[in-house]
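# Chains, contacts and geometry: an overview
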Amino acid sequence: MKIVFFGPNGSGKGTQGAVVEERYQIPHIETGIIFRKNISKGTELGEKAKAYIERGELVPDEITIPMVLERLKEADCSNGWLLDGFPRNLIQAVRLDEALRREGAGVDLLIEIILEREIAKERIMGRRICVNDNNHPNNINIEAIKPNGKRCRICGGDLKTRDDDQDEAAIDQRHDIYYDTRNGTLAAIQYFKDLSDSSGIPAIVELDGKRSIQEVTRELASRLEKLEFLNSA
Ligand code: AP5
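Residues numbered from 1 in each chain as written. Predicted model: local features only at pLDDT ≥ 70, side-chain atom pairs only at ≥ 80, totals over all residues. Heavy atoms only, no water.

### Digging into the site of the ligand
Surrounding the ligand, one finds 36 residues, the nearest of these being Asn9, Glu57, Arg88, Arg127 and Arg174. The separation between an oxygen atom of the ligand and a polar side-chain atom of Arg88 is 2.2 Å. Compared with its free state, where it exposes 1,000 Å², the ligand has 95% of that area covered by protein. Looking at the shell around the ligand, the elements with two or more residues in it are helix H1 (13-24), helix H2 (31-41) and helix H9 (213-226). If you tally residues by element for the shell around the ligand, the top one is H2, at four residues. Residues belonging to the shell around the ligand are distributed by class as follows: eleven nonpolar, 15 polar and ten charged. (Near = heavy atom within 4 Å. Polar contact = N/O pair within 3.5 Å; in protein donor to acceptor, adjacent residues only side chain to side chain. Areas by Shrake-Rupley, 256 points an atom, 1.4 Å probe, with all protein chains shown as cover. Helix = DSSP H or I, 4+ residues; strand = E, 2+ residues; numbered from the N terminus. Nonpolar A, V, L, I, M, F, W, Y, C, P; charged D, E, K, R; others polar.)

### Structural notes on empty space enclosed by the protein
Across all of its chains, the model carries one cavity of 30 Å³ or more by this definition. In this structure, the largest cavity is lined by Phe5, Phe6, Gly7, Pro8, Asn9, Lys13, Gly85, Phe86, Pro87, Arg88, Tyr178 and Thr185. Grouping the amino acids of the lining of the largest cavity by side-chain chemistry returns six nonpolar, four polar and two charged. (1 Å grid on protein atoms, 1.4 Å probe; cavity = no way out; pocket = protein on both sides within 12 Å on 5 of 7 lines; lining within 4 Å. Points joined across faces, edges and corners; volume = space filled by probe spheres on them.)

### Some points on the nonpolar core
Nonpolar side chains in soluble globular proteins generally cluster together in the buried interior. Of all hydrophobic cores here, the largest spans 28 residues; its most connected members are Val4, Phe6, Trp81, Leu83, Leu96 and Phe192. Apart from residues no more than four positions distant in its own chain, Trp81 is found in contact with Met1, Lys2, Ile3, Val4, Ile26, Pro27, Ile29, Leu72, Leu96, Leu100 and Val107. (Core = buried A, V, L, I, M, F, W, Y, C linked by side-chain atoms within 4.5 Å. Buried < 20%, exposed > 50% of the residue type's maximum accessible area, 1.4 Å probe, protein only. Contact = heavy atoms within 4.5 Å.)

### As for the sheet that holds strand E1 (residues 2-6)
Here five strands make up an open sheet; going across it, the order is E2-E3-E1-E4-E7 and the pairing parallel. For this open sheet the edge positions go to strand E2 (28-30) and strand E7 (203-208), each flanked by a neighbour on one side alone. Each strand axis lies, on average, 20 degrees off the axis of its neighbour in the sheet, ignoring direction. Relative to strand E4 (residues 109-114), E1 is paired through four bridges, and the arrangement is parallel. From the neighbouring strand, Val4 faces E4, where its bridge partner is Leu110. Those strands touched by helix H8 (residues 185-199) are E1, E4 and E7, and its axis lies near 135 degrees from that of E4. (Pairing = 2+ DSSP bridges. Axes fitted to C-alpha atoms, helices over the stretch in contact; angles between N-to-C directions.)

### Quick look at the pattern of salt bridges
Per the counting criterion, the structure on display carries 23 salt bridges. Note that Asp164 is salt-bridged to Arg174, the shortest N-O span being 3.7 Å. One end of the pair, Asp164, is in the loop between strand E6 (159-160) and helix H7 (168-178); the other, Arg174, is in helix H7, with ten residues separating them in the sequence. The residues Asp164 and Arg174 share a single accessibility class, namely buried. The shortest N-O distance in the salt bridge between Lys193 and Glu206 comes to 2.7 Å. Of this pair, Lys193 sits in helix H8 while Glu206 sits in strand E7, and the two are 13 residues apart along the sequence. (Salt bridge = Lys/Arg side-chain N within 4 Å of Asp/Glu carboxyl O.)

### Brief notes about the layout of surface pockets
Over the atoms rolls a probe the size of a water molecule, and its path tells where empty space is left. Of the voids in this model, the second largest pocket is the one considered here, and its volume is about 290 Å³. Around the second largest pocket, the lining comprises 17 residues; the ones closest to its centre are Leu69, Leu72, Lys73, Leu100 and Glu103. Here the residues of the lining of the second largest pocket sort into eight nonpolar, three polar and six charged.

### Considerations on the state of the cysteines
By the definition in use, this model includes zero disulfides. Of all cysteine sulfurs in the structure, the one in Cys155 sits closest to Cys130, which takes part in no disulfide; the separation is 3.6 Å. (Disulfide = S-S within 2.5 Å.)

### What about the environment of Gly14?
Inspection of the secondary structure puts Gly14 in helix H1. Separated by 70 residues in the primary sequence, Gly14 and Asp84 have C-alpha atoms spaced 7.5 Å apart. Not counting chain neighbours up to four residues away, the residues in contact with Gly14 comprise His28, Glu30, Asp84 and Asn135.

### A closer look at the packing of helix H6 (residues 117-126) against H7
Closest axis-to-axis distance for the H6/H7 pair is 11 Å, and the angle between their directions is 135 degrees. Considering the angle they form, H6 stands oblique to H7. You can see that H6 and H7 cross each other, and the crossing is right-handed. Of H7, the residues touching H6 (which contributes Arg117, Ala120, Lys121, Ile124 and Met125) are Glu168, Ile171, Asp172, Arg174, His175 and Asp176. Its residues assigned to classes, the contact of H6 with H7 shows four nonpolar, one polar and six charged. (Parallel < 35°, antiparallel > 145°, perpendicular 65-115°, else oblique. Left-handed = near helix turned anticlockwise from the far one by under 90°.)

So far we have only geometry, and geometry alone does not tell us how the molecule works.
Structure representation (structure tokens):
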């Protein structure tokens, strides 16, 4: 099963991606996490990516596209993958589709979380990350998942913020790229929706991101349940 997961920055892709990963037992590949790990290890890739990420700009395609296409060739991807954070513009979408077609494959499923920009921004600024587990939701702006004082509400671990989450200009820049219907992420989504219109593949699942984490999870699980024909992909 090959899945691309879309949603504006702060819409809950990381949160819900963990649900999809668990269901299909496929690797959840998050480009942002790959870059951040490289930055903290001080690798050459991290050095190249750092300034772009701090400004909320895309890391250039000539770095990002080969990095992702190589990652998809690794052994753990043999039964499929869940891509989160890629493709992020039209060129990345076309290159991914071309690479898959060369192998006689294609994206099976597209999941899109739909959320207004202002709500996404508030969630990003309130996000606190648990040092023990990225998937422990903590957010100082959302009553249901407020941290326990300064500690993780799930495990009591220390909390940290991401530098690019506290810089409003960088957040706006990330959202400008996402909501760009000509060349940005919405254009990438439309590319796959056009393929779906003409061939029925990929299947499309759209989710209302305004609802609570549990409601979005329930809706996602029930929509995936109905896509039984994909379960053997
Ligand atoms: P990346 O790491 O992908 O960051 P992002 O785009 O900002 O996405 P997020 O991880 O912040 O958003 P999310 O939707 O996963 O939100 P979350 O689940 O945490 O990318 C970082 C940078 O790397 C980019 O800016 C770019 O520079 C570079 N990069 C990455 N990919 C690239 C590419 N392909 N090409 C070039 N450059 C690339 O949720 C947010 C918050 O809301 C959390 O606190 C969560 O608990 C809460 N929440 C989630 N769902 C709900 C809900 N339903 N109700 C209430 N609260 C909720």
